[in-house]
Amino acid sequence: MVMILSICVLPTGTYATEKNASDTPKEIPAEVRTMLNRLNEIKEMDKSNLSSSEKKELRTEVKTIKNNLKASGHGVYLSVGAIIIIILLLILLL
């Protein structure tokens, strides 16, 4: 059992040093960039001379932009139950 585990662990350490990290970050899509620019504009605004209805409109705009940014995220999310099942499967298989 120890030999099998050591064979699985050994190659991963050697391959980790061979991979080259890309120096250029991922490009941000134009839609996301415009939403981020709008959020920065709203942050830099002088809101002291706005009416309460205008402030409310800005708040709703910020909320919708943030929700759109969260929805456009390309991530894989796992629930706690799924993680537990994966760990149990790995324990049973190894």
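Above this text is the structure in question.
About the cut-offs
- Residues numbered from 1 in each chain as written.
- Predicted model: local features only at pLDDT ≥ 70, side-chain atom pairs only at ≥ 80, totals over all residues.
- Heavy atoms only, no water.
- Helix = DSSP H or I, 4+ residues; strand = E, 2+ residues; numbered from the N terminus.
- Buried < 20%, exposed > 50% of the residue type's maximum accessible area, 1.4 Å probe, protein only.
- Core = buried A, V, L, I, M, F, W, Y, C linked by side-chain atoms within 4.5 Å.
- Contact = heavy atoms within 4.5 Å.

S.K.: Whenever I open this one, the overall build of the protein confuses me. Can you help?
M.R.: Broken down by element type, the protein carries four helices and zero strands. Ordered by position from the N terminus, the helices and strands of the protein form the series α-α-α-α. For the protein, buried positions account for 9% of its 94 residues.

S.K.: Explain the nonpolar core here, please?
M.R.: Generally speaking, a soluble globular protein has its nonpolar side chains buried in company with each other. Residues Val-32, Met-35, Leu-39, Ile-42, Leu-58, Val-62, Ile-65 and Leu-69 constitute the largest nonpolar core, which totals eight residues. Only α2 (30-44) and α3 (52-71) provide two or more residues apiece to this core. Every residue in contact with Met-35, bar those within four places of it in the chain, is listed here: Ile-65, Asn-68 and Leu-69.

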